[in-house]
Amino acid sequence: MKDLVEVLAKSLVDYPEEVSVTETENAKSIVVELRVAQSDMGKVIGKQGRIAKAIRTVVKAAASKGEKKVIVEIVQ
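In this text, all values refer to a predicted model and were calculated from it rather than measured experimentally. Sequence order as written defines the numbering, with residues in each chain counted from 1. For this predicted model, a pLDDT threshold of at least 70 governs which residues receive local features, and a threshold of 80 or more governs which side-chain atom pairs are given and counted, while totals over whole chains, interfaces and linings are taken from all residues. To get the side-chain values, all heavy atoms of the structure are used, and hydrogens and water are removed first.

S.K.: Hey, could you run me through the pattern of salt bridges in this one?
M.R.: The salt bridge criterion pairs a side-chain nitrogen of Lys or Arg with a carboxyl oxygen of Asp or Glu, the two atoms within 4 Å. According to the stated counting rule, one finds four salt bridges in the structure shown. With its nearest N and O atoms 2.5 Å apart, the salt bridge here joins Glu25 to Lys68. Taken together, the positions of Glu25 in strand S1 (residues 20–25) and Lys68 in the loop between helix H3 (50–62) and strand S3 (69–75) put the pair 43 residues apart, joining distant regions of the chain. Exposure categories follow from relative accessible area, calculated using a 1.4 Å probe and restricted to protein chains: below 20% of the type maximum is buried, above 50% is exposed, and the middle band is partly exposed. Given a relative accessible area of 52%, Glu25 falls into the exposed group. A salt bridge links Arg35 to Glu33, with the nearest nitrogen and oxygen atoms 3.2 Å apart. Judged by its relative accessible area of 33%, Arg35 falls in the partly exposed class. In this description a helix means any DSSP run of H or I spanning at least four residues, a strand means any run of E spanning at least two, and both kinds are numbered starting from the N terminus.

S.K.: What's the story with unusual backbone geometry in this structure? I'm lost.
M.R.: Leave glycine aside and you will find that most residues have negative phi; peptide bonds, for their part, are mostly trans. Within the chain, Gln48 stands out as a residue other than glycine whose phi angle is a positive 55°. The topology assignment puts Gln48 in the loop between helix H2 (41–45) and H3. Overall, Gln48 belongs to the exposed group, its relative accessible area being 74%.

S.K.: What exactly am I supposed to notice about the sheet that holds strand S2 (residues 29–35) here?
M.R.: Pairing between the strands of a sheet is mediated by backbone hydrogen bonds and can be parallel or antiparallel. If you trace the three strands from one edge of the open sheet to the other, you get S1-S2-S3, paired in mixed fashion. Edge positions in the sheet fall to S1 and S3, since each has one partner strand and no second. On average, each strand axis in the sheet is inclined to that of its neighbour by 20°, with strand direction left out of account. By the convention used here, strands pair only if DSSP detects at least 2 bridges between them. Note that S2 and S3 share seven bridges and pair parallel. In the sheet register, Val31 faces S3, and the bridge partner there is Ile71. For this analysis, residues touch if any pair of their heavy atoms sits within 4.5 Å. Only the stretch in contact is used when a helix axis is fitted, and all axes are lines through C-alpha atoms; the angle between N-to-C directions ranges over 0 to 180 degrees. Running over the sheet, helix H1 (residues 2–12) touches S1, S2 and S3 and is turned about 155° from S1.

Now the structure itself:
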């Protein structure tokens, strides 16, 4: 999931070298934290959070075969 989020984020931003993705695994879930440059934050979130919601939907669909829930957090 980490690679998927990283590819999606890098295709959206102006500074792809500043994209950082970390993955933390718990017993029931996987938390993926996405960090981008401050100037790219709006591009990743989108108007009314549409792009962020789309990223979460794609990751959720990719993770549907697994048993764990995947949570995508966009962190400053």
